[in-house]
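Each chain, written out:
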Amino acid sequence: MTYRFVKRASEKFGLPPGTIIHIGDKLTETVKITLTYYDKNNYTSKEILDIKEVFPFANSSTVTWINVDGIHDIKVIELLGTNFNIHPLVLEDILHTTQRPKIEDFGDYIYIVLRMFYYSSRSGEQETKPEILSEQVSLILGHNFLISFQEAGGGGDIFNPVRIRLKSAKGRIREFGADYLTYAIIDSIVDNYFVILEKLGEGIELLEDELLDNPTPQTLEELHTVKNEIIFLRKSIWPLREVSSTLLRVDSNLITKNTQMYIKDIYDHTIQVIDTIETYRDILSGMLDIYMSSISNRMNEVMKVLTIIATIFIPLTFLAGVYGMNFHYMPELSWKWGYPLLWCIMLLIGISMFSYFKKKKWL
Amino acid sequence: MTYRFVKRASEKFGLPPGTIIHIGDKLTETVKITLTYYDKNNYTSKEILDIKEVFPFANSSTVTWINVDGIHDIKVIELLGTNFNIHPLVLEDILHTTQRPKIEDFGDYIYIVLRMFYYSSRSGEQETKPEILSEQVSLILGHNFLISFQEAGGGGDIFNPVRIRLKSAKGRIREFGADYLTYAIIDSIVDNYFVILEKLGEGIELLEDELLDNPTPQTLEELHTVKNEIIFLRKSIWPLREVSSTLLRVDSNLITKNTQMYIKDIYDHTIQVIDTIETYRDILSGMLDIYMSSISNRMNEVMKVLTIIATIFIPLTFLAGVYGMNFHYMPELSWKWGYPLLWCIMLLIGISMFSYFKKKKWL
Amino acid sequence: MTYRFVKRASEKFGLPPGTIIHIGDKLTETVKITLTYYDKNNYTSKEILDIKEVFPFANSSTVTWINVDGIHDIKVIELLGTNFNIHPLVLEDILHTTQRPKIEDFGDYIYIVLRMFYYSSRSGEQETKPEILSEQVSLILGHNFLISFQEAGGGGDIFNPVRIRLKSAKGRIREFGADYLTYAIIDSIVDNYFVILEKLGEGIELLEDELLDNPTPQTLEELHTVKNEIIFLRKSIWPLREVSSTLLRVDSNLITKNTQMYIKDIYDHTIQVIDTIETYRDILSGMLDIYMSSISNRMNEVMKVLTIIATIFIPLTFLAGVYGMNFHYMPELSWKWGYPLLWCIMLLIGISMFSYFKKKKWL
Amino acid sequence: MTYRFVKRASEKFGLPPGTIIHIGDKLTETVKITLTYYDKNNYTSKEILDIKEVFPFANSSTVTWINVDGIHDIKVIELLGTNFNIHPLVLEDILHTTQRPKIEDFGDYIYIVLRMFYYSSRSGEQETKPEILSEQVSLILGHNFLISFQEAGGGGDIFNPVRIRLKSAKGRIREFGADYLTYAIIDSIVDNYFVILEKLGEGIELLEDELLDNPTPQTLEELHTVKNEIIFLRKSIWPLREVSSTLLRVDSNLITKNTQMYIKDIYDHTIQVIDTIETYRDILSGMLDIYMSSISNRMNEVMKVLTIIATIFIPLTFLAGVYGMNFHYMPELSWKWGYPLLWCIMLLIGISMFSYFKKKKWL
Amino acid sequence: MTYRFVKRASEKFGLPPGTIIHIGDKLTETVKITLTYYDKNNYTSKEILDIKEVFPFANSSTVTWINVDGIHDIKVIELLGTNFNIHPLVLEDILHTTQRPKIEDFGDYIYIVLRMFYYSSRSGEQETKPEILSEQVSLILGHNFLISFQEAGGGGDIFNPVRIRLKSAKGRIREFGADYLTYAIIDSIVDNYFVILEKLGEGIELLEDELLDNPTPQTLEELHTVKNEIIFLRKSIWPLREVSSTLLRVDSNLITKNTQMYIKDIYDHTIQVIDTIETYRDILSGMLDIYMSSISNRMNEVMKVLTIIATIFIPLTFLAGVYGMNFHYMPELSWKWGYPLLWCIMLLIGISMFSYFKKKKWL
């Protein structure tokens, strides 16, 4: 999964820039388009089938939110692009689902790309290990409207809280414009990072305990997986710092002063997320060293005990060998107490070697 | 403990921004509010039960310090917020106890978040190993007033020296305004970092001795713990550098020129703390290598000795085996001095191998 | 291959600056020059033999693209340089094929050096392992003309899509000037990086599986090769970030505003390429540690099993030795059940040691 | 020693800022104060007992240098502070001997803190290993006067060359003002760093030879010590870069243009010192890897030889065991040449195994 | 050699700044001074014995180049300094041969220090391994004159190409002023770095092959040497980046606009050199890991084979021991086919163990 961000890029090679082709997992389901428009007093939200229904909302007094769930229907994107006057390069970026988070100010609208994460174990089917999946979210903030594009729709319920707040007029969300709605959506995505990090943190804690108690090659493999997940998250979230700081300083009348204060909050949260990721990286890199030491310690313990057993018996076996020799003249052999005496000697040697090793703390 | 800074963040997921909910350890004790007001000549400090008592002090000629010990009573925070005109996002941050240290200038007041550290072994109960605990401190510096919020109250005695200086009018503290009081409180928090670092430093020194004298798997585990504690401290203290430098350059009439000179001092101390943390990191990372070498050296010593013992006896056992053979025609067996001669030969072989190993410095 | 970037530099040592000598692989094939000129309605492209044919195009109303495939014919370069008024240092740089990517604004023209990558396994011949090869591309963008120089011509088909778009007037390419053509060529080079990275990524994934399943010394060697390839790519692509950002901010009337928007796209892609390279580096550095742990784990497993076998038999052999001794008085020897009893004892010892090791998880 | 820089900081915890208490090694000897004043023609230097003698020199036409050797007499510091108008925070810093090097411009005077290093083996007593000790030097440069504070006085002879040059009017020192004197003192401190580094470099060279020839656990310990010394030096010298660059750009009439040219020299030297420290760090980090490889190589050599001896004798012992069996029907036993034949076979086996191992380069 | 850059610094300790003493290898040969003056049409170059001959050239209409080969004759330096009005600190720097590359603009002249590298194996004598040696080059560029100082003269032929171009009026060198000459000399020094890097690169390639084919402790030692050479080169070349970029931006009428274009070339080359050094560092650090893995892989192979041999024979020896026992009642001993049967069993055990190990891929 980790390497997905460069996969299929080759399909695009050689095409003119601004060519609108979809780079990503091909899906056959129909695209789900939700049209929501509201002001302080009214709120309407409905699923629409024909994209043309949204065209009148390009210039409307209410705040309009068009959410496109699934981007594999190029026609929908193109029609939206023409009607809302979106630059072809932006449309290309929306469809090319391996974008780096970025923000671009086109004057009439601001284009923002983000990455959303969720765990794979949504469905009821039993999966051994939930995997971190990601989805590209594109936002186009214009005058009084916001168009949001979600890649596959698998992580769609992340927007639900925003929808509920809109519906119930909870908080101040209905009083403000499309910029505040944009903030609310970005905020819900960033908040969700904490949920992912929390789960990752728990996993790291478990791994840590396993590491010190009973490290196995399996532990190593999991460590490697978590490490790559962190690398992957880091790559996707790090640019967000720049995005949110640009958003904070953007000189556009699309964003009101009031909303900017809230954007500062997003910036703070992003820094916190990045801090935590860096901390995890530090801890994980320490853990690999611990793993190696731990494995080698256990191995050494085993080898030491085994070697000591061998070392104690080797001289004894030698003695037994000596009295198994067939020399004609071996006086000890005819002693009456020769045999029990040798047993005593051998016991003595064994015990003294054992206590010597014990004293030396080799055992 | 280390991962606490992302725990429970998920509880907040999906709530509108500015929602005042308490993220942190739930406590049932009542919140302790201390109201202190003073000028050059007078000083009054009392614990109050009803938060409304402090309202008149929003505009007072004396310097007012309201210390809220425990932030789990949301009502108190809300009432303070309304009366002192605090932005909802600030109230949210005060309650969300996993903040990164930061400073925000709201014009009418400055909001500062810090992290305070203390060792867990406060109470008389015997604990095997004191743990580093942390607590979020929020400061709101307004005109002639300072409101401070402490998370759990466990590290509350860090403010005591400030209280005593206020009471006894020791130093210049009573002559200056709320900005100097803010400085005094931050200074006592930063000073306390040195106490923590000193203890950590002692622990590292002990570990270092243990490492070179008698490394055990236990040492490794402690090394790992100390390393994570350093990572944790670093994460919490590093942003303080920015906070203090912002405080130094803040263009607000809330901070007098005289106090700024003292803030420079905080900045210097913060840099010193960070320097020391970095130094510890360097030393610790070197120590893990030493540990590994040390363990492997000791192991090698043991294995070498054991292998040498085996190596000396194996040829001797072979000889004994040879003369235990039952060939009919083995002239040596009937020699009169055969047996003692063989003993001599075996002794000779043993001694010469031993001295060869000795000469080669293998023993 | 990796070290090629400093090879043969010594040939140039001691020559005056601006000396036009070719540093690179000497080739004997003739240089292939393609002259293309077009405007919105017309398009002509032909291979020419005499460089002088292109001279009239220095001042032409159509957009002219002169592509020089192979730079070992110094004469061609010199004649072009004189006619198009190119600075001798630029000509020197074009020939010196180990340039670092850079951009230089000479007022009348902009000089850009890039590096193009392709895999060696182009031809049908069977090669065990395709190698990453690279080629220097120099671009000179002037008023209405673009001159491009390719080193060896091995990677020449990377420009083909641009040619096809020009011919078929697909996209907007024929409507814009030489600056857009320059953009299109750089874009096709950068797009090609993704193809290379995708292949590398697949290789890394395969290596990773091999690493965890069945690591061999061969794996190590491949790991080392991939690592050096990444280092090599990184060195060549990293400066592109600066090149594209300079191109974006260049204050030259050679580049129109419209094209600059597209150049932003190149910048974004470059950052993405660099991000991916850094991610690969991180993953690879982790993989070496995994390799070492993995190898040492497997080795330990083998050694442990072998040592345990030895450890079980050593005490048994000792017992057999004891009853092979020739003492006259050894009562056990004459017992009727002595021999089977000993077998039982030895079996018992063997089994109990085995189960002890099993219980201790040593087996 | 390494951790000294945070020790005893706790003593200060809870005291008001600007409290003048001495943090450092308590000494009982009296403080030695040297008063020196000079101009181009005259030079007077004397040790004084009563600090009040220096007060008239706060405004004098000659250049005055007051050197305070030992800072444990708080009274002296306080009196100097009052008379020369020094800010209490500066006095606090002078006494708190774990300062980070810094420079502060107070308008009327500039305050500089530095760290001086020397080896412990000053006295004639034999010490096994000289240790790097450090001492804090505080400089207060005012109009026509310089006050210098040395911590313990153990490294005091570092200033001697300056004194001698002053006395003998060697160089230009007497012609310039207090700023040049300040420069001369800082220069002598920085020059001394080279002496320390030279000794450290020699130590590293010795260690390196030891490492490749005959590494012992002792070598590891020394490596660790040198590494920590480098970390310690680095921590203390790194901030000097900023100090000297600030001094270079300081906009104060206390420093003449002529002296600034010399300060540039200090800056250059500081960079050189830092470069060298970084180089040592690089070399040392490489050395630990070499140590590990070296130790493991030697160990492997030993184990290999021993294992090979065992491996050769084990099959031979087996053969001897076979012919020690008591089967009634073993034809070989009654052969006349059985015994010598077996010897030959065993010799043959031994030799062929030995040469096989030799051929495989295992020996 | 590596540590030479701090050696002998102690000799200077305690001397007044600007003291002209020579820090470096003391030589007894006379200093070789070459005076060259030229304009577009004329060129004169001669070796002079009395330094006073050059004095009239301080103000001459021709371009003058004074090359001083060997700096141990302090008198020569002093006389030059007085006549050409050079600051004492510059003279001190020229003599102190462990300078960090730097550039200083003194208005009337620009002072540049560089480091030149060459391999020791110049002379015909056979040396086992050429060593990288270095020499400090100081350049003073004034109006119409350039004074260059070379430390030991061992690497003097690096300037020869410049001399030849001057003599033969090849290139543009005679048409331009002293600034272009300065550029030409720096360029020849930087070009020479590529020669050094090329040789180093070849050495690294050889080491790499050795590493994967047949690593020995010798390989490790060489790796360590190359690594330290890289560290040494890096330390000396890295500051050149700043030097050349300063030279590029220097606001002095000593450097003409035309020459600045060439200086850009030096800057580019310096970056390329630094890039290559960093690449080498990366590759080398990877190689140490490979070395360790490689050594440990080979060792493991050996140990595994040996242990397996022992493991196969130990149970067989046990069996032989069993039938060497002297129990009176051992039915197998009197079986007719007992002995050959046992041989068969033992062969069977041996073969099945061998094939088991083979199947498990342990062999």
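Just so we're clear, the structure is a prediction, and the values are computed from it rather than from any experiment.

Description of a nonpolar patch on the surface
Residue and element names in this part refer to chain D. On the surface, a nonpolar cluster with roughly 470 Å² of combined accessible area is contributed by Trp335, Trp337, Leu341 and Ile345. Residue position: isoleucine 345 is located in helix α8 (residues 338-359). By relative accessible area, isoleucine 345 is classed as partly exposed at 39%.

Examining the interface of chain C and chain E
The partner chain E presents 66 residues to the 63 residues of chain C that form the contact. Across the chain C/chain E interface, buried area totals approximately 5900 Å², and carbon plus sulfur atoms make up 69% of it. Close ionic contact of Asp282(E) with Arg281(C) constitutes a salt bridge, the shortest N to O distance being 3.1 Å. Taken together, chain C and chain E are joined by 13 residue pairs in polar contact (both at pLDDT 80 or more). When residues of the side of chain C that touches chain E are traced back to their parent elements, those giving at least two are α2 (88-95), β4 (102-105), α5 (217-249), α6 (257-322), α7 (331-334) and α8 (338-359) of chain C. Broken down by element, the residue count for the side of chain C that touches chain E peaks at 16 residues, all from α6(C).

Here's the deal with the relation of the copies chain C and chain E
Of the transformation superimposing chain C on chain E, the axial component is 0.0 Å and the angular component is 72°, with the fit at an RMSD of 0.1 Å. Both chain copies can therefore be described as sitting about a five-fold axis. Across chain C, the rotation axis passes nearest the C-alpha of Gly324(C), at a separation of 4.6 Å. Looking at the interface residues of chain C, only 11% of them are also at the interface in chain E, so each copy uses its own face.

What to know about the sheet that holds strand β7 (residues 145-150) of chain E
Residues and elements named next belong to chain E. The strand order across the open sheet built from seven strands is β2-β1-β3-β7-β6-β5-β4, with neighbouring strands paired in mixed fashion. On the outer flanks of this sheet lie β2 (43-48) and β4 (102-105), each paired with one strand and no other. Each strand of the sheet is rotated relative to its neighbour by a mean of 15°, with strand direction disregarded. Bridge count between strand β1 (residues 32-38) and strand β3 (residues 63-69): seven bridges; the pairing is antiparallel. Along β3, the bridge assignment pairs isoleucine 33 with valine 68. Its contacts with the sheet put helix α4 (residues 178-213) on β1, β3, β5 (110-119), β6 (132-142) and β7, and the angle it makes with β5 is roughly 30°.

Concerning the packing of aromatic side chains
Taken as a whole and judged by the stated rule, the model has 78 aromatic pairs over all chains. With centroids separated by 4.7 Å and ring planes inclined at 55°, the aromatic side chains of Phe84(B) and Phe145(B) adopt a geometry described as tilted. Highlighted residues: Phe84(B) in helix α1 (residues 74-84) and Phe145(B) in strand β7 (residues 145-150), separated in sequence by 61 residues. Taken individually, Phe84(B) and Phe145(B) each receive the classification buried, so the pair is uniform in this respect. Residues Trp65(D) and Phe159(D) carry aromatic rings whose centres are separated by 6.3 Å and whose planes lie at 55° to one another, so their mutual orientation is tilted. Taken together, the residues span a long stretch of sequence, with Trp65(D) in strand β3 (residues 63-69) and Phe159(D) in the loop between β7 (145-150) and α3 (160-168) at a distance of 94 residues. The ring of Tyr119(A) has Lys199(A) sitting right over it, with the charged end atom 4.7 Å from the ring centre. Sitting above the plane of the Trp238(A) ring, Arg234(A) keeps its charged end 5.3 Å from the centroid.

Quick notes on helix α3 (residues 160-168) of chain A
All of the buried residues in α3(A) are Pro161(A), Val162(A), Arg163(A), Arg165(A) and Leu166(A). Where α3(A) is buried, its residues contact β1 (32-38), β2 (43-48), β3 (63-69) and α4 (178-213) of chain A.

A look at the interface of chain D and chain B
Between chain D and chain B, the contact holds 64 residues from the first and 66 residues from the second. Both sides together, the interface formed by chain D and chain B hides about 5800 Å², and carbon and sulfur atoms give 69% of it. For the interface between chain D and chain B, the tally reads three salt bridges. A salt bridge links Asp275(B) to Arg100(D); the nearest nitrogen and oxygen atoms lie 2.8 Å apart. Seen at the junction of chain D and chain B, the total is 13 residue pairs in polar contact (both at pLDDT 80 or more). Only α2 (88-95), β4 (102-105), α5 (217-249), α6 (257-322), α7 (331-334) and α8 of chain D provide two or more residues apiece to the side of chain D that touches chain B. Considering every element that reaches the side of chain D that touches chain B, the biggest residue donor is α6(D), with 17 residues. Taken together, the residues of the side of chain D that touches chain B break down into 36 nonpolar, 14 polar and 14 charged.

What about the pattern of salt bridges?
For the coordinates displayed, the defined rule picks out 45 salt bridges over all chains. The salt bridge partner of Lys304(B) is Glu301(B), with a shortest N-O separation of 3.5 Å. Within this pair, Lys304(B) and its partner Glu301(B) are both found in helix α6 (residues 257-322), separated by three residues, close to a single helical turn. For Lys304(B), a relative accessible area of 11% puts it in the buried group. Under the relative-accessibility criterion, Glu301(B) is labelled partly exposed at 42%. Because the salt bridges share partners, they merge into one network encompassing Asp93(A), Lys102(A), Glu104(A), Lys264(C) and Asp268(C).

Examining the relation of the copies chain D and chain B
At an RMSD of 0.1 Å, chain D and chain B line up after a rotation of 72° and a shift of 0.0 Å along the axis. With a heterologous cut-off of 20% or less, the 12% of interface residues of chain D that recur at the interface of chain B puts this contact in the heterologous class.

Section: the environment of Glu221(D)
Residues and elements named next belong to chain D. In this fold, glutamate 221 is placed in helix α5. For glutamate 221, a relative accessible area of 37% corresponds to the partly exposed category. The spatial distance from the C-alpha of glutamate 221 to the C-alpha of phenylalanine 149 is 36 Å, given a sequence separation of 72 residues.

Remarks on the packing of α4(E) against helix α6 (residues 257-322) of chain E
Residues and elements named next belong to chain E. Interhelical geometry of α4 versus α6 gives an angle of 15° and a closest axis separation of 10 Å. Regarding the angle of α4 to α6, the classification is roughly parallel. You can see that α4 and α6 cross each other, and the crossing is left-handed. Grouping the amino acids of the contact of α4 with α6 by side-chain chemistry returns 23 nonpolar, seven polar and seven charged.

Let's talk about the sheet that holds β2(A)
Residues and elements named next belong to chain A. Overall, mixed pairing links the seven strands, which are arranged β2-β1-β3-β7-β6-β5-β4 in an open sheet. On the outer flanks of this sheet lie β2 and β4 (102-105), each paired with one strand and no other. In this sheet, adjacent strand axes meet at a mean angle of 15° when their direction is disregarded. Across the sheet, α3 is in contact with β1, β2 and β3; its angle to β3 comes to roughly 150°. Along the sheet, α4 makes contact with β1, β3, β5 (110-119), β6 (132-141) and β7 (145-150), crossing β5 at roughly 30°.

Re the packing of helix α5 (residues 217-249) of chain B against α6(B)
Residue and element names in this part refer to chain B. The contact between α5 and α6 brings their axes to 9 Å, and the two run at 155°. Relative to α6, the element α5 lies roughly antiparallel. α5 and α6 meet at a crossing whose hand is left-handed. Tallied by class, the residues present in the contact of α5 with α6 amount to 23 nonpolar, five polar and six charged.

Here's the deal with the pairing of β2(E)
Residue and element names in this part refer to chain E. Pairing geometry for β1 and β2, over six bridges, is antiparallel. Across the sheet, residue isoleucine 33 finds its bridge partner in β2, namely isoleucine 48. Between β1 and β2, which pair antiparallel one after the other, the connecting turn spans four residues.

Let's talk about the pairing of strand β5 (residues 110-119) of chain B
Residue and element names in this part refer to chain B. Counted residue by residue, β5 has ten buried out of ten residues, so it is predominantly covered. Alternating positions in β5 separate into two faces, Ile110, Ile112, Leu114, Met116 and Tyr118 on one and Tyr111, Val113, Arg115, Phe117 and Tyr119 on the other, with burial throughout. Between strand β4 (residues 102-105) and β5, which pair antiparallel one after the other, the connecting turn spans four residues, and glycine 107 there sits at a positive phi close to 85°. Of the pairings in the sheet, the one linking β5 to strand β6 (residues 132-141) comprises ten bridges and is antiparallel in character. In the sheet register, tyrosine 119 faces β6, and the bridge partner there is isoleucine 132.

Quick word on α6(E)
Count 3.6 residues to each turn of an α-helix, and residues three or four apart come out pointing the same way. When the terminal C-alpha atoms of α6(E) are compared, their 98 Å separation across 66 residues agrees well with the 98 Å that a helix rising 1.5 Å per residue should span. Counting buried positions over the 66 residues of α6(E) gives 48, a clear majority of the element.

Conventions and cut-offs
Residues numbered from 1 in each chain as written. Chains lettered and ligands numbered in written order. Predicted model: local features only at pLDDT ≥ 70, side-chain atom pairs only at ≥ 80, totals over all residues. Heavy atoms only, no water. Patch = residues over 30% accessible without salt bridge, like charges linked within 9 Å, V, L, I, M, F, W, Y side chains within 5 Å. Areas by Shrake-Rupley, 256 points an atom, 1.4 Å probe, with all protein chains shown as cover. Salt bridge = Lys/Arg side-chain N within 4 Å of Asp/Glu carboxyl O. Helix = DSSP H or I, 4+ residues; strand = E, 2+ residues; numbered from the N terminus. Buried < 20%, exposed > 50% of the residue type's maximum accessible area, 1.4 Å probe, protein only. Contact = heavy atoms within 4.5 Å. Buried area = accessible area lost by both parts, 1.4 Å probe. Polar contact = N/O pair within 3.5 Å; in protein donor to acceptor, adjacent residues only side chain to side chain. Least-squares fit on C-alpha atoms with pLDDT ≥ 70 in both. Pairing = 2+ DSSP bridges. Axes fitted to C-alpha atoms, helices over the stretch in contact; angles between N-to-C directions. Phe/Tyr/Trp six-rings, centres within 6.5 Å; stacked < 30°, edge-to-face > 60°. Lys NZ or Arg CZ within 6 Å of the ring centre and 35° of its normal. Nonpolar A, V, L, I, M, F, W, Y, C, P; charged D, E, K, R; others polar. Parallel < 35°, antiparallel > 145°, perpendicular 65-115°, else oblique. Left-handed = near helix turned anticlockwise from the far one by under 90°. Expected span 1.5 Å × (residues − 1).

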